[in-house]
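# Notes for the structure review
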Amino acid sequence: FREQPIFSTRAHVFQIDPNTKKNWVPTSKHAVTVSYFYDSTRNVYRIISLDGSKAIINSTITPNMTFTKTSQKFGQWADSRANTVYGLGFSSEHHLSKFAEKFQEFKEAARIAKEKSHEKMELTSTPSQESAGGDIQSPLTPESINGTDDERAMPEVTQNSEPRAEPTQNALPFTHSSTISKHWEAELATLKGNNAKLTAALLESTANVKQWKQQLAAYQEEAERLHKRVTELECVSSQANAVHTHKTELNQTIQELETTLKKKEEEIEGLKQEIENARELQAQRDSLTQKLQ
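- Under an unreviewed UniProt entry, the chain has the name HOME1 protein and belongs to Climacteris rufus.

Set out below in structure tokens:
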């Protein structure tokens, strides 16, 4: 529990394609929480994001990192340790600006922490032995990991290391300094190689921002077309509902007319019966009239 979140936001997470170094590959299906963490024990700042139980971002902030805004809602940074480039898509420009401000703030804090750490290294690892003549040997300062003084490490040792009265005692510091110098030279060569790769990746990713924007515009057009299609289907559905309602009303009217027709037919049958009765009465009347005559 030594590492605690100090700032969190939500964004869509991307990584540069490790094969082509040109296209962005989404590492989250939806917006996820992206947090800055601070390790008080090691004085280290990290950017961490989890998609479920999977860590899709685990990036330690170093002084040589740069967060770049490539659009109003998208930003990216290169991580030499992870050998990749991370990209974040935010829901608004405000969220992007806030994340960039925090990145700059924690980057500066990491730089200050690194300088203090190097000062402690200089105080604890500097050999300080007196020679037989009373002269003090020049301190050997470990170079920074950025390699600003690596090229001058060996010349300083050669110039400042004076002949000693007891060479067996001076052989150890000289060997130690050569080992440290070779170690940091190897670190510098590795970092230069990684920086060259990441610089190339950044240039390629920057060149592909236009392609990504075009794809986004195509997706937006497709979404707009689908939205129109949904609207048309809704209209057709509403029209179908209206036709169904009208059909129901017509069926009811037909049933009512059929009922009325049956009633009229019954009335007609009654009238026919009355006519038959009237004819019979007429015949009887005629018969009676003849008899009377």
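We are not done yet, so read on.
## With respect to the overall build of the chain
- Helices and strands together make up the secondary structure of the chain, namely four helices and eight strands.
- Shown N-terminal to C-terminal, the secondary structure of the chain runs as helices and strands in the order β-β-β-β-β-β-β-β-α-α-α-α.
- Expressed as a percentage of the 293 residues in the chain, the buried residues total 28%.
- A sequence separation of at least 24 residues applies to 53% of the contacts in the chain between residues at least 6 apart.

## A few points about the pattern of salt bridges
- What the rule picks out here adds up to nine salt bridges.
- One salt bridge in this structure joins Arg111 and Glu108, with 2.3 Å as the shortest N-O distance. One end of the pair, Arg111, and the other, Glu108, are both in helix H1 (residues 93-125), three residues apart, so they sit about a helical turn from each other.
- On the basis of relative accessibility, which here comes to 31%, the residue Arg111 falls in the partly exposed class.

## Section: the environment of Val25
- Within the fold, Val25 resides in strand E2 (residues 24-26).
- Judged by its relative accessible area of 34%, Val25 falls in the partly exposed class.
- Along the primary structure Val25 and Tyr86 are separated by 61 residues, whereas in three dimensions their C-alpha atoms are 9.7 Å apart.

## Considering the layout of surface pockets
- Of the pockets and cavities examined, the second largest pocket occupies roughly 490 Å³.
- Around the second largest pocket, the lining is made up of 22 residues, and of these Phe14, Phe74, Trp212, Leu216 and Tyr219 lie nearest the centre.
- Secondary-structure elements contributing two or more residues to the lining of the second largest pocket are strand E1 (3-16), E2 and helix H4 (209-292).
- Top element by residues in the lining of the second largest pocket is H4. It accounts for seven residues.
- For the lining of the second largest pocket, the residue count by class is eight nonpolar, 10 polar and four charged.

## Focus: the pairing of strand E3 (residues 32-39)
- Across the eight residues that make up E3, a large majority, six, are buried.
- Judged from the eight bridges that link them, E1 and E3 form a sheet pairing that is antiparallel. Within the sheet, the bridge partner assigned to Arg10 lies in E3 and is Thr33.
- Summarising the sheet, E3 and strand E4 (residues 44-51) pair through six bridges and their orientation is antiparallel. Counterpart to Phe37 in the pairing with E4 is Arg46.
- Remark: four residues form the turn of the hairpin made by E3 and E4, two consecutive strands paired antiparallel; Asn43 in that turn has positive phi of roughly 60°.

Conventions adopted
Residues numbered from 1 in each chain as written. Predicted model: local features only at pLDDT ≥ 70, side-chain atom pairs only at ≥ 80, totals over all residues. Heavy atoms only, no water. Helix = DSSP H or I, 4+ residues; strand = E, 2+ residues; numbered from the N terminus. Buried < 20%, exposed > 50% of the residue type's maximum accessible area, 1.4 Å probe, protein only. Contact = heavy atoms within 4.5 Å. Salt bridge = Lys/Arg side-chain N within 4 Å of Asp/Glu carboxyl O. 1 Å grid on protein atoms, 1.4 Å probe; cavity = no way out; pocket = protein on both sides within 12 Å on 5 of 7 lines; lining within 4 Å. Points joined across faces, edges and corners; volume = space filled by probe spheres on them. Nonpolar A, V, L, I, M, F, W, Y, C, P; charged D, E, K, R; others polar. Pairing = 2+ DSSP bridges.

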